Each structure stands twice: as structure tokens, then as C-alpha cells.
Amino acid sequence: MAHEILQLGGPHLKACKCCGLEFYGRRNQKFIDTTHKANYNNQKNAVKREKLSPVFKKMATSYYVMENCQRRDMLDRWIHITDLIKEGFDANIPTNLIKSKTDGKQFYKLLDYAFRLSEDGTKIIIHQLKS
Ligand SMILES: [Zn+2]
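Worth saying up front: this structure is predicted, and the values here are computed from it rather than measured.

Enquirer: Outline the pairing of strand β5 (residues 96-99), listing residues and values.
Expert: The pairing of β5 with strand β6 (residues 106-110) spans four bridges and is classified as antiparallel. Residue I98 lies in a different strand from β6, and its bridge partner there is F107. Taking the residues between adjacent antiparallel strands as the criterion, β5 and β6 are bridged by six residues, where G104 takes a positive phi near 75°.

Enquirer: Could you give an account of the nonpolar core, with specific residues and numbers?
Expert: Listed in full, the 11 residues of the largest apolar core are M66, C69, L84, F89, F107, Y108, Y113, A114, F115, I124 and I126. Breaking this core down by element, the ones donating at least two residues are α1 (34-71), β6, β7 (113-117) and β8 (123-128). Per-element accounting of this core gives the leading share, three residues, to β7. When residues no more than four places from it in sequence are discounted, the contact partners of F115 are F107, Y108, I124, I125 and I126.

Enquirer: Give a detailed account of the sheet that holds β6, specifying residues and quantitative values.
Expert: Strand order in this open sheet of five strands is β4-β8-β7-β6-β5, and the pairing throughout is antiparallel. Each having just a single partner strand, β4 (79-80) and β5 make up the two edges of the open sheet. Bridge count between β4 and β8: two bridges; the pairing is antiparallel. By the bridge assignment, H80 is partnered in β8 with K123.

Enquirer: With reference to specific residues and values, describe unusual backbone geometry.
Expert: Unusually for a residue other than glycine, D73 sits at a positive phi of about 60°. You can see D73 is positioned in the loop between α1 and β4. Positioned with a positive phi, L111 is a non-glycine residue whose angle comes to about 55°. Residue position: L111 is located in the loop between β6 and β7.

Enquirer: Outline the environment of P11, supporting the account with residue identities and numerical values.
Expert: Mapped onto the secondary structure, P11 falls in the loop between β1 (6-7) and β2 (12-15). Note on P11: 9 C-beta atoms within 10 Å, which makes it exposed. Separated by 25 residues in the primary sequence, P11 and H36 place their C-alpha atoms 20 Å from one another.

Cut-offs applied
- Residues numbered from 1 in each chain as written.
- Predicted model: local features only at pLDDT ≥ 70, side-chain atom pairs only at ≥ 80, totals over all residues.
- Pairing = 2+ DSSP bridges.
- Helix = DSSP H or I, 4+ residues; strand = E, 2+ residues; numbered from the N terminus.
- Core = buried A, V, L, I, M, F, W, Y, C linked by C-beta atoms within 7 Å.
- Buried ≥ 20, exposed ≤ 12 C-beta atoms within 10 Å, placed from the backbone.
- Contact = placed C-beta atoms within 7 Å.

Interpretation note: all reported values are geometric properties and have no functional meaning in isolation.
Next up, the structure:
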């Protein structure tokens, strides 16, 4: 016995975009119902998030490292970047480039922290920005 094709209120033979199950529906109908549509979109978004999550993780870790620096009173002075790298800090995370109003120097801004590297790249200075 051939399996019955779902009748969903239209004459057009379709395959659900989520699971491939065939049905008869409206011309522009792509899914069996809203649950299948939600499943499909959730999956699509999960794939997108997965692509971004390593970047977000690096940003979060770098942010926490800067927070720890603040707790240990290590802001506003030059410190060795190797110590921060050991804790997971990554100076190549996406940041905004900002310019200091007082001396025109460029800083990388991540939320309420801004940092600058020494010319030889071995040291870093972190400031907290006042909001
Ligand atoms: Zn489906």
C-alpha cells in the first residue's frame, strides 16, 4: 500500500523544507506546519551561531581577562602581554578602534575597556572607559 500524501488545503504537491515529507498544499507553502517551520529556522540559526561562537568566546575570555586585571589593580600601566595571553587574552579579537582625546593615541575598545600595545608588541596597557 502506497503511503498517503498529506492533504493540507491546496492542490500543489510539495516537499516540506524541514523534513522532505510530501504534502499537497498552497502554491507558496514550504512547510507542513508552523512547528516544522520553527524547527527549520532554529536549525538554520544554530548553524549561524556555531560559526560565530569561537569569536564570541574569544571576545568573552579577553573581556574577563581585562576584568581580572582591574580586580588586581593592573589597569592604567604597562604590563607584560604574555601574562594575559596565558589567561586566554587575544589582542586580535574584533574591537573598535578609538582615538584618545588627550594624546591622539589609538586604542582598541572592547565594551568598557580600551587597550594599546607597545611598539614591540610585548606590553599592553588597559584602561577602563567611563560611560
Ligand atoms: Zn517538515
